[in-house]
Amino acid sequence: MRKKTKLIHGGITGDEATGAVSVPIYQVSTYKQEAVGKHKGYEYSRTGNPTRHALEEVIKDLENGEAGFAFSSGMAAISSVMMLLSAGDHIILTDDVYGGSYRLMNKVLNRFGLEATFVDTSNLSEVKNAVKANTKMIYIETPTNPLLKITDIQEIATLAKEKNLLTVVDNTFSTPYWQTPIDLGADIVIHSATKYIGGHSDVVAGLAVVKTIELANGLHFVQNSVGGTIGPQDAWLLMRGIKTLGIRMEEIEENTKKLVSFLKAHDKVTKIYYPGLPSHKGHDIHLEQASGFGGMISFDVGSGELAEKVLKKVKYFTLAESLGAVESLISLPAKMTHASIPAERRAELGITDGLIRISVGLEDVDDLIEDLQQALE
Ligand SMILES: *Cc1c(COP(=O)(O)O)cnc(C)c1O
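What counts, and where the lines are drawn
- Residues numbered from 1 in each chain as written.
- Predicted model: local features only at pLDDT ≥ 70, side-chain atom pairs only at ≥ 80, totals over all residues.
- Heavy atoms only, no water.
- Buried < 20%, exposed > 50% of the residue type's maximum accessible area, 1.4 Å probe, protein only.
- Helix = DSSP H or I, 4+ residues; strand = E, 2+ residues; numbered from the N terminus.
- Pairing = 2+ DSSP bridges.
- Core = buried A, V, L, I, M, F, W, Y, C linked by side-chain atoms within 4.5 Å.
- Domains from an automatic or database assignment.
- Contact = heavy atoms within 4.5 Å.
- Axes fitted to C-alpha atoms, helices over the stretch in contact; angles between N-to-C directions.
- Salt bridge = Lys/Arg side-chain N within 4 Å of Asp/Glu carboxyl O.
- Patch = residues over 30% accessible without salt bridge, like charges linked within 9 Å, V, L, I, M, F, W, Y side chains within 5 Å.
- Areas by Shrake-Rupley, 256 points an atom, 1.4 Å probe, with all protein chains shown as cover.
- Lys, Arg positive; Asp, Glu negative; His and termini not counted.
- Charge placed at Lys NZ, Arg CZ, Asp CG, Glu CD.
- Expected span 1.5 Å × (residues − 1).
- Arc of directions from axis to C-beta.
- Buried area = accessible area lost by both parts, 1.4 Å probe.
- Parallel < 35°, antiparallel > 145°, perpendicular 65-115°, else oblique.
- Left-handed = near helix turned anticlockwise from the far one by under 90°.
- Near = heavy atom within 4 Å.
- Polar contact = N/O pair within 3.5 Å; in protein donor to acceptor, adjacent residues only side chain to side chain.
- Nonpolar A, V, L, I, M, F, W, Y, C, P; charged D, E, K, R; others polar.

(A) A look at the pairing of strand β9 (residues 296-300). Most of β9 is tucked away, with 5 of its 5 residues classed as buried. Going residue by residue along β9, you find M296, S298 and D300 tucked away on one face and I297 and F299 tucked away on the opposite face as well. Bridge count for strand β8 (residues 271-273) against β9 is 3 bridges, and the pairing is antiparallel. When the sheet's bridge partners are listed, K271 is paired in β9 with D300.

So, in structure tokens, the structure goes:
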């Protein structure tokens, strides 16, 4: 099955009992048992719910894994995956991971004895040097936020296998439509489904897909024990979003390319970050491991003053955190998503005060270009 077909026909389609072509929302907590322990596969909705199950099946199919799991948020998915580990274990993470993941490791899971080291995972020798006797997992994001740094998934997975470590990829930015890390050797893939998978700024959710039966059993045990599960209504909204993921990603890609060309030619734009540019570091690696570049662009306008003016003047770009929606979003990482990082560290990373991040949506691209044009004047 090709990808666009899988988005429609993957997982579980429709309802056998009624012929409904959309999976019903099973708004239910418990299930009648015919005799003690005799049931139709569902006992209690934290353990399993048919609507959630249908979503878990389709994301499993899309990521080519063994089993899928749906959570109440991306962070719930990430926390649950971390709970596969134990006190005393060490994890190596991409240095510019999502801020919430950084906070989870440094302010919450550290208190439970999980140790984290953040390195530039686009540099394999840095990763190698960070491996210790108690290392159990390498956790990467590619492309990253907001500088869209690229890590070679296959290279990391090969190293991880040699050292008997798990490879985990947060695939939120690329989505399974463009990138399937399990095919490249990863063990676990995570999504903030709040972003492209949901795609309509109307649901907060997380997904995880694992490669083996052992990991599936382990993660189901955690999911049921910890209980950060998604509700049936949100699961249904994600399935609805998934059906159009392909056309949304294709159209976003077209819009993004045109916006990049416009920004590249603009004299007030001093630097532009987009994996689709041949000059972008890691462009060749991304091209090998993914079939599209996504809808995230970061660009520098030279000063925080101009950046704030642009954000104030745009009409069609909504000033908001988050990404991956039908509406274009604009943000200022230094003052918003990355404000908690000390200014010095931000400067080291290249997250300047003049750096603007946009998540390209599905508006007419000529309106988006005209909008940025007037805002940059
Ligand atoms: C938003 C995001 C998360 C967290 O997901 P929530 O759904 O907000 O909990 C994790 N990783 C990445 C890359 C994200 O963009």
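Structure shown, so let's carry the discussion forward.
(B) Summary view of the nonpolar core. Of all hydrophobic cores here, the largest spans 65 residues; its most connected members are L55, L259, L263, I297, F299, I356 and I358. Looking at which element gives the most residues to this core, the answer is helix α10 (residues 245-265), with 7 residues. Shared between two domains, this core takes at least three residues from each, and those domains are domain 1 (3-243) and domain 2 (246-376). Excluding anything up to four places from it in sequence, L259 contacts I297, F317, V360, V365, L368, I369 and L372. Counting 28 residues, the second largest nonpolar core, distinct from the first, contains A77, I91, I188 and A208.

(C) Local environment of the environment of V58. Note that V58 resides in helix α2 (residues 50-62). According to the relative accessible area criterion, V58 is buried, its value standing at 5%. Taking the C-alpha atoms as reference, V58 lies 9.0 Å from T13; in sequence the two are 45 residues apart. Once you skip the residues sitting within four places of it in the chain, V58 turns out to touch K6, G10, G11, M239 and I242.

(D) Fine view of the sheet that holds β8. One open sheet accounts for 5 strands, arranged β8-β9-β12-β11-β10; its pairing is mixed. Looking at strand neighbours, the two that pair on one side only are β8 and β10 (318-319), the edges of this open sheet. Against the sheet, α10 engages β8, β9 and β12 (355-359), with an angle of about 10° to β9.

(E) Inspection of the pattern of salt bridges at higher detail. Applying the stated criterion across every chain yields a total of 11 salt bridges. When the shortest N-O distance is used, the salt bridge between E56 and R52 registers 3.2 Å. One end of the pair, E56, and the other, R52, are both in helix α2, 4 residues apart, so they sit about a helical turn from each other. The two residues E56 and R52 agree in class, both being buried. Its salt-bridge partner being K149, residue D120 comes within 3.9 Å of it at the nearest N-O pair.

(F) Up close: a negative patch on the surface. A contiguous patch of negative charge, built from E250, E251, E254, D364, D366, D367 and E370, is present on the exposed surface. Of all the secondary structure elements, the ones that give two or more residues to the negative patch are α10 and α14 (365-376). As for its position among the elements, E370 is in helix α14.

(G) A look at helix α8 (residues 213-226). With 14 residues, α8 ought to run about 20 Å at 1.5 Å a step, and its terminal C-alpha atoms sit 20 Å apart, in line with that. The complete set of buried residues in α8 reads L215, A216, L219, V222 and Q223. End-on, the buried residues of α8 take up no more than an arc of 130°, which puts them together on one face. Residues E214, N217 and F221 are exposed on α8 and point more than 90 degrees away from its buried face. Its buried side turned inward, α8 meets α2, β1 (67-71), α3 (74-82), β5 (166-170), β6 (188-192) and β7 (206-210).

(H) Inspection of the domain arrangement of the protein at higher detail. Taken domain by domain, the protein comprises domain 1 (3-243) and domain 2 (246-376). Between the C-alpha centres of domain 1 and domain 2 the distance comes to 26 Å. Of the residues lining the interface, 31 residues belong to domain 1; the matching set on domain 2 comes to 38 residues. Of the roughly 2900 Å² buried at the junction of domain 1 and domain 2 (both faces included), carbon and sulfur atoms supply 59%.

(I) The arrangement of the packing of α3 against helix α4 (residues 99-108) in detail. Where α3 contacts α4, the axes come no closer than 10 Å and their chain directions differ by 40°. When the axis of α3 is compared with that of α4, the two are oblique. Seen along the crossing, α3 lies across α4 with a hand that is right-handed. In this structure, α3 contributes M75, I78, S79 and M82 to the contact, and α4 contributes G100, S101, L104 and M105.

(J) Focus on the side chain of T167. On the secondary structure map, T167 appears in strand β5. Residue T167 is classed as buried on the basis of its relative accessible area of 0%. Those residues in contact with T167 that lie beyond four places of it in its chain are I138, I156, A157, A160, A186, D187 and I188.

(K) Up close: the site of the ligand. The local shell around the ligand holds 13 residues, among which G74, D170, S192, T194 and K195 are the closest. Measuring from an oxygen atom of the ligand, one finds a side-chain N or O atom of K195 at 2.7 Å. Coverage of the ligand by the protein chains reaches 92% of its 380 Å² of free accessible surface. If one sorts the elements of the shell around the ligand by residue count, α3 sits on top with 3 residues. Classifying every residue of the shell around the ligand gives 5 nonpolar, 5 polar and 3 charged.

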